[in-house]
Amino acid sequence: MSFVKFAPAAFALLALPATLAAQRQPVLPQIKVPHSYYYREMYLPQVTSGPSAVSWSPDGRELIYSMQGSLWRQQVGSKGTRQLTAGPGYDYQPDWSPDGRTVVYSSYHDDQIELRLLDLSTGRSRSLLADGAVNVEPRWSPDGRRIAFVSTAYEGRWHIFIAPVSPDGSLGSAQRITEDRESGLPRYYYGTHDQYLSPTWSPDGQDLIFISNRGHVWGSGGFWRMPARPNAEPRELRFEETTWKARPDWSRDGKRVVYSSYLGRQWHQLWLMTADGGDPFQLTYGEGDATAPRWSPDGRRIAYITNDRGNTALSIVDVPGARVERVAIDRRMYLAPVGRLQLVVTDRAGRSTPTRVSITGPDGRSYAPDSAWRHADDGYDRSARRFEYGYFHISRVATVTVPTGAITLEVSHGPEYRVIRRTVNVIPNSTSVVRLVLERLADLPSAGWYSGDLHVHMNYGGHYRNDTDHLIRQTQAEHLDAIVGGVRDVGVARRAARQRGRRLAQHRERAEQAVLDGDRRRTRPARCGPQDACF
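Attention in this report is confined to the structure presented alongside it. (Residues numbered from 1 in each chain as written. Predicted model: local features only at pLDDT ≥ 70, side-chain atom pairs only at ≥ 80, totals over all residues. Heavy atoms only, no water.)

1. A look at the side chain of glutamine 269
Phase 1 of the analysis: With respect to the secondary-structure elements, glutamine 269 resides in strand β22 (residues 269-274).
Phase 2 of the analysis: Excluding anything up to four places from it in sequence, glutamine 269 contacts Tyr259, Ser260, Ser261, Gln282, Thr284, Tyr285, Gly286, Gly288 and Ala290. (Helix = DSSP H or I, 4+ residues; strand = E, 2+ residues; numbered from the N terminus. Contact = heavy atoms within 4.5 Å.)

This is the structure:
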């Protein structure tokens, strides 16, 4: 956030003091790939209130998916879901074993993402691989004897590994099967070393299809196929300028591959191609993203994640026919006792005030309402927190389901207001009402200073589908007078300013002209990613 003072001839910027670099360290610093905001926002799993990844049961009757940093299980056609995991970390990317007994998944805690195994009969979870690296996208081989996954274990770069699984469920020594190759290509966003992502097994367990940018400058990679063993030679099936979210899935009949692509459009949709990389066929349409697709065992349905209504949700599409069914999640059965917090924030006049809210449980994890858009910082002080700071925005009243015990609240409303911190003891099956009153520390607009975010992309990667109305509510919660992302965002800035009152009217014309002048001086980038507005 910056402050802008509008003067007759020019404007000046005053940056807020930054947290000491010695205290704040990046999230998952073991990743040695440039531009962390790219892979963090578009590839690494993130905690969301809605589903973020899904897997079918072997009989096709149930789904297990990640949601709210935990794994949940739901019968297809029902409206109730049951929590399977609840820490100690944030759990993501489940894959149901072929025998139906266990689930492998990624779990983020202690500055790494480890692989864990959940026994569905006992509910016990144990670590499979915790080597200090970032291990994601685990996938069972069709015979249940191996797991393929992506790891930074070698030089901090994205490679595909395969590890054997013994009958007792322990993981053998993992082998890197992809070549560490210096491309010599001028890749600004992805680095000069080739990367390998999102493996999916052939039905006979002999081959993998995956994403790699080998031989290409732009995008996170195209589609490659190779035998599932070290030193095998990969061959390129099809190239598209993907941006981390393609995540192919091979059908059980071996003929088709479904993946997510923004080919020719602003939003990611589901596409089908042959296992040999034939011309793709678009399966889903609409405004919003369709990502993380998974075939049902009978090959007649595909479950996927959608944000067509803003937040993430789970849908199933029929193949053929393309009939889409939303998976309703109306009832949640929790693994451990929970309570509820009802938070009401007002100003001194008693008026409801939009704010930013952070809620942390006794386990160090963040919590939010079921419908909230969850966000997180990209660095944190390890001596102060177990995980990075997580937060959400509220307009009036928020009700949050939390674990029992000491819950820490932090409420803020921009730098002009005092940050409020409270600790509340939550008891099982009860609702604790917390009423907070904001205290204003300064009235900077009266001195001609206005707060603003000078670099905003309303929709660029990430998990949500934003619109101007929701963006304005976010600016209100952050107490911003203006948000600027280019010429097209001037109207958004104008609407946000109106929400603050008429005192900005005399400065609006000069502010917009300053934005326009700045955009005329800006160099247009050579390429833009999906959903971005390049100016």
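Moving on from the coordinates now.
2. A closer look at the pattern of salt bridges
When the charged atoms of two side chains with opposite charge come close together, those side chains can pair.
Phase 1 of the analysis: A full pass over the atoms with the stated rule returns 32 salt bridges.
Phase 2 of the analysis: Where aspartate 95 meets arginine 294, a salt bridge forms, and the shortest distance between an N and an O atom there is 2.7 Å. One end of the pair, aspartate 95, is in strand β8 (residues 90-96); the other, arginine 294, is in strand β24 (residues 290-295), with 199 residues separating them in the sequence.
Phase 3 of the analysis: Exposure remark for aspartate 95: the relative accessible area of 4% places this residue in the buried category.
Phase 4 of the analysis: In this structure, glutamate 137 and arginine 247 form a salt bridge, with 3.0 Å as the shortest nitrogen-oxygen distance. Taken as a pair, glutamate 137 in strand β12 (residues 135-140) and arginine 247 in the loop between β19 (235-238) and β20 (249-250) lie far apart in primary sequence, 110 residues in all.
Phase 5 of the analysis: Via salt bridges that share partners, Asp95, Arg139, Asp249 and Arg294 belong to a single interconnected network. (Salt bridge = Lys/Arg side-chain N within 4 Å of Asp/Glu carboxyl O. Buried < 20%, exposed > 50% of the residue type's maximum accessible area, 1.4 Å probe, protein only.)

3. Observations concerning the sheet that holds β22
Phase 1 of the analysis: Here we have four strands laid out as an open sheet, ordered β20-β21-β22-β23, and antiparallel in their pairing. What marks the edges here is a single partner per strand, and that holds for β20 and β23 (281-282).
Phase 2 of the analysis: Summarising the sheet, strand β21 (residues 256-261) and β22 pair through six bridges and their orientation is antiparallel. Bridging across to β22, serine 261 finds its partner in glutamine 269. (Pairing = 2+ DSSP bridges.)

4. A short note on unusual backbone geometry
Phase 1 of the analysis: Put simply, glycine 87 and proline 88 share a cis peptide bond, and its omega is 15°.
Phase 2 of the analysis: You can see proline 88 is positioned in the loop between β7 (80-83) and β8.
Phase 3 of the analysis: Here valine 319 and proline 320 are connected by a cis peptide whose omega angle stands at 0°.
Phase 4 of the analysis: Tracing the sequence through the fold places proline 320 in the loop between β26 (311-318) and β27 (324-326).
Phase 5 of the analysis: Of note in this structure, leucine 28 is not a glycine but carries a positive phi near 50°.
Phase 6 of the analysis: Following the sequence through the fold, leucine 28 ends up in the loop between β3 (25-26) and α1 (36-42).

5. Section: the sheet that holds strand β4 (residues 51-56)
The pairing of strands in a sheet happens through backbone hydrogen bonds and is either parallel or antiparallel.
Phase 1 of the analysis: Strand order in this open sheet of five strands is β4-β5-β6-β7-β28, and the pairing throughout is mixed. In this open sheet, the two edge strands, each paired with only one partner strand, are β4 and β28 (331-333). The mean angle between the axes of side-by-side strands here comes to 30°, regardless of whether they run parallel or antiparallel.
Phase 2 of the analysis: Relative to strand β5 (residues 62-67), β4 runs antiparallel, the two being bridged by five bridges. Counted as the bridge partner of serine 55 is isoleucine 64 from β5. (Axes fitted to C-alpha atoms, helices over the stretch in contact; angles between N-to-C directions.)

6. Brief notes about the pairing of strand β11 (residues 125-129)
Phase 1 of the analysis: Bridging between strand β10 (residues 112-119) and β11 involves four bridges; their strand directions are antiparallel. For leucine 115, the partnering residue across the bridge sits in β11 and is leucine 129.
Phase 2 of the analysis: Counted between consecutive antiparallel strands, the loop separating β10 from β11 contains five residues, among which glycine 123 sits at a positive phi close to 80°.

7. Some remarks on empty space enclosed by the protein
Phase 1 of the analysis: Scanning the model with the defined rule gives three cavities of 30 Å³ or more in all.
Phase 2 of the analysis: In this structure, the largest cavity occupies an estimated 460 Å³ of space.
Phase 3 of the analysis: Considering the residues around the largest cavity, the lining is formed by 35 residues, among which Ser52, Ala53, Gln93, Arg247 and Ala292 are closest to the centre.
Phase 4 of the analysis: Classifying every residue of the lining of the largest cavity by side-chain character gives 15 nonpolar, eleven polar and nine charged. (1 Å grid on protein atoms, 1.4 Å probe; cavity = no way out; pocket = protein on both sides within 12 Å on 5 of 7 lines; lining within 4 Å. Points joined across faces, edges and corners; volume = space filled by probe spheres on them. Nonpolar A, V, L, I, M, F, W, Y, C, P; charged D, E, K, R; others polar.)

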